[in-house]
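Results of the structural survey
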Amino acid sequence: DLAAACSQQAKKSFKPLLDNTNEVRKVQSALAVLQRVGPLIQTPNLMRQHIEENRFSDAVKAYRRVLVIDDDCHIELLRHVKAKAEEAAREARRDLEATLANSAVPVS
């Protein structure tokens, strides 16, 4: 039957195109997710930069971003980001305490 043969040929011809379209949609979806969480993922590094520049209030502001991540979050990447931010917060606390204890540091 000619119609069945044409239908079969059309499916065979367009299947790679449809598969490719689906892959493009998956990649676009993944990129959209990464763009939304990108700033959150960068928080630990941003905190460390602020700490190195003795901008502790900026480090605290950055840290507050990761507080939205629940402790029971099932996404390993986000748990890792929160753990690294908590580590940077402890580092900031140690640095700030050392700065405050140093009598040679001027208070202004």
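Residues numbered from 1 in each chain as written. Predicted model: local features only at pLDDT ≥ 70, side-chain atom pairs only at ≥ 80, totals over all residues. Heavy atoms only, no water.

In terms of helices and strands, the protein chain carries 4 helices and 0 strands. Put simply, the protein chain runs from its N terminus to its C terminus through helices and strands in the order α-α-α-α. What you see for the protein chain is a C-alpha radius of gyration of 25 Å, clearly larger than the 13 Å of a compact globule of 108 residues, by over 25%. With the C-alpha coordinates aligned to their principal axes, the bounding extent of the protein chain is approximately 95 × 25 × 15 Å. Across the 108 residues in the protein chain, those meeting the buried criterion constitute 18%. With an accessible surface of roughly 8500 Å², the protein chain has 56% of that area assigned to carbon and sulfur atoms. On the protein chain, the mean spot of the 17 positive side-chain charges and the mean spot of the 15 negative ones are 5 Å from each other. (Helix = DSSP H or I, 4+ residues; strand = E, 2+ residues; numbered from the N terminus. Rg over C-alpha atoms; globule rule 2.2 N^0.38 Å. Buried < 20%, exposed > 50% of the residue type's maximum accessible area, 1.4 Å probe, protein only. Areas by Shrake-Rupley, 256 points an atom, 1.4 Å probe, with all protein chains shown as cover. Lys, Arg positive; Asp, Glu negative; His and termini not counted. Charge placed at Lys NZ, Arg CZ, Asp CG, Glu CD.)

In this fold, His 50 is placed in helix α2 (residues 43–52). For His 50, a relative accessible area of 10% puts it in the buried group. In this view, His 50 contacts Arg 55, Asp 58, Ala 59 and Ala 62; residues no more than four positions away in its chain are not counted. (Contact = heavy atoms within 4.5 Å.)

On the surface, Phe 14, Leu 17 and Leu 18 cluster together to form a nonpolar patch covering roughly 320 Å² of accessible area. Take Leu 17: it is sitting in helix α1 (residues 2–41). Residue classification places Leu 17 among the partly exposed residues on the basis of a relative accessible area of 48%. (Patch = residues over 30% accessible without salt bridge, like charges linked within 9 Å, V, L, I, M, F, W, Y side chains within 5 Å. Salt bridge = Lys/Arg side-chain N within 4 Å of Asp/Glu carboxyl O.)

Side chains that are three or four residues apart share a direction in an α-helix, a result of its 3.6 residues per turn. For α1, with 40 residues, the first-to-last C-alpha span of 56 Å sits near the 58 Å given by 1.5 Å per residue. Of all bends in α1, the biggest is about 40°, found at Phe 14, and the proline Pro 16 comes one to four residues later. (Expected span 1.5 Å × (residues − 1). Bend = angle between axes of the 7 residues up to and from the residue.)

Glancing now at the pattern of salt bridges. Inspection of every chain in the model, using the stated rule, returns 10 salt bridges. For Glu 91, the salt bridge is made with Arg 48, and the minimal N-O distance between the two is 3.4 Å. Taken together, the residues span a long stretch of sequence, with Glu 91 in helix α4 (residues 76–101) and Arg 48 in helix α2 at a distance of 43 residues. When salt bridges with common partners are traced through the structure, they connect Arg 48, Lys 84, Glu 87 and Glu 91 into a single cluster.

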